[in-house]
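Structural overview for review
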Amino acid sequence: MTKVSIIGAGNVGATLAMRIAEADLADVVMIDIAEGACRGKAMDLTDSAPIMGHNRRITGSKDYKDIAGSGIAVITAGFPRMPGMSREELFQKNSSVVREAAANVKSLCPQAIIIVVTNPLDAMTYLASRESCFDRRRVMGMAGVLDTARFTAVLAEISGADYKDIKTFVIGSHGDSMVPLVSCTTIKGSPVSKIFSQDKIDLALARTKNRGAEIMNLLKAGSAYYAPSASAYYMVRAIIKDTKEVMSVSCILQGEYGLKDVCIGVPAKLGKGGAEEIIELPLNGREK
Ligand code: APR
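Below is a summary of the structure that appears in this document. Just so it is clear, the structure is predicted and the values come from calculations on it, not from any experiment.

1. Quick notes on the packing of aromatic side chains
With the rule as written, the count across this model stands at 1 aromatic pair. For Arg-138, the ring lying beneath its charged end belongs to Phe-134, and the centroid distance is 4.1 Å.

2. Here we look at the site of the ligand
Among the 18 residues in the neighbourhood of the ligand, the closest are listed as Asn-11, Val-12, Asp-32, Thr-76 and Asn-119. Residue Asn-11 places a main-chain N or O atom 2.9 Å away from an oxygen atom belonging to the ligand. One nitrogen or oxygen atom from the main chain of Val-12 is found 2.8 Å from an oxygen atom belonging to the ligand. Summarising the interface, the protein chains cover 86% of the accessible area of the ligand, which totals 730 Å² for the free molecule. For the shell around the ligand, the leading source of residues is helix 3 (residues 90–108), giving 3 residues. Each residue belonging to the shell around the ligand can be placed in one class, and the counts come to 8 nonpolar, 8 polar and 2 charged.

3. Let's talk about the nonpolar core
If you look at the biggest cluster of nonpolar residues, it comprises 41 residues, and the most contacted ones within it are Met-30 and Leu-270. By residue number, the principal contributor to this core is helix 1 (residues 11–22), which donates 6 residues. Those residues within four positions of Leu-270 in sequence are excluded, and the remaining contacts are Met-140, Met-235, Ala-238, Ile-239, Thr-243, Lys-244, Glu-245, Met-247, Val-249 and Ala-275. One finds Ala-73, Val-97, Ala-101 and Val-105 within the second-largest nonpolar core, a separate group that totals 24 residues.

4. So, the pattern of salt bridges
Per the counting criterion, the structure on display carries 16 salt bridges. Between Asp-24 and Arg-56 there is a salt bridge, with the nearest N and O atoms lying 2.9 Å from each other. Within this pair, whereas Asp-24 is found in the loop between helix 1 and strand 2 (27–31), its partner Arg-56 is found in the loop between helix 2 (35–52) and strand 3 (58–61), the two being separated by 32 residues in sequence. Its relative accessible area of 45% is what places Asp-24 among the partly exposed residues. With a shortest N-O distance of 3.6 Å, Arg-99 and Glu-131 are connected by a salt bridge. Of this pair, Arg-99 sits in helix 3 while Glu-131 is found in helix 4 (residues 121–132), placing the two residues 32 residues apart along the sequence.

Thresholds applied
Residues numbered from 1 in each chain as written. Predicted model: local features only at pLDDT ≥ 70, side-chain atom pairs only at ≥ 80, totals over all residues. Heavy atoms only, no water. Phe/Tyr/Trp six-rings, centres within 6.5 Å; stacked < 30°, edge-to-face > 60°. Lys NZ or Arg CZ within 6 Å of the ring centre and 35° of its normal. Near = heavy atom within 4 Å. Polar contact = N/O pair within 3.5 Å; in protein donor to acceptor, adjacent residues only side chain to side chain. Areas by Shrake-Rupley, 256 points an atom, 1.4 Å probe, with all protein chains shown as cover. Helix = DSSP H or I, 4+ residues; strand = E, 2+ residues; numbered from the N terminus. Nonpolar A, V, L, I, M, F, W, Y, C, P; charged D, E, K, R; others polar. Core = buried A, V, L, I, M, F, W, Y, C linked by side-chain atoms within 4.5 Å. Buried < 20%, exposed > 50% of the residue type's maximum accessible area, 1.4 Å probe, protein only. Contact = heavy atoms within 4.5 Å. Salt bridge = Lys/Arg side-chain N within 4 Å of Asp/Glu carboxyl O.

In structure tokens, the structure reads:
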């Protein structure tokens, strides 16, 4: 698999293109209605290649036909959340964009794996699944990797531990109802509940849930994109390298966790077949 398409060459999409090419993972095609900016970014990234030491081709266009033959299609197209706007308010605006993208993936690269990044994430992933009619293992959304990274960053800040010594999962819906799995969270092998009081843990959870809004308010124009693009990169890498790493991704559930025909963040094993296996962790009552 050598070609990844990124639909939407905005902040998240173009940064993701850079990460994929600079990690020498795949050639990248970016598609955007803003064709000039898309082609300009592709050229700029191409000129970085001799310095960064890779030979990956990065192209930009507004013509969907260029995605033909892609192994992975990442959908970031749409409108970002602005200050004061909920992810749900984005629903109407972004659903037609995601439908169009998924329909093009279906006809031009029917074997591809779709990763949705556009918000509201779980709803957009569900739409992409419905539109493409792909096997559910080949349609997933990026949110849990990001939420898990944010919770990890907050825990590292309050504990002083290295990121690698913190093990946690954030599942559930992307937004205020995300579920950090405190019962599965350890710092240097010790349960977080043995290290911090419930008040302190609740504060860390609140900061994690508010992280996206906090960044958006600081940026003023647009929303976070470094960590979102890093999260999507991590998923693309797991699929291309067939790593079988377990990470939190938005999947269509068919009975897992007692839910049916619902798209929501759960731990899943990622490999060349997509979200190859959904892992059912034991949840405590509150988490459930
Ligand atoms: N087809 C192709 N591209 C489109 C379309 C469309 N129909 N509609 C919009 N776009 C493009 C825009 O031109 C823009 O370049 O999608 C891109 C979105 O980029 P940004 O506005 O920079 O948004 P970004 O920060 O990248 O976020 C993208 O990811 O995290 C989520 O909430 C975020 O839904 C948003 C998405």
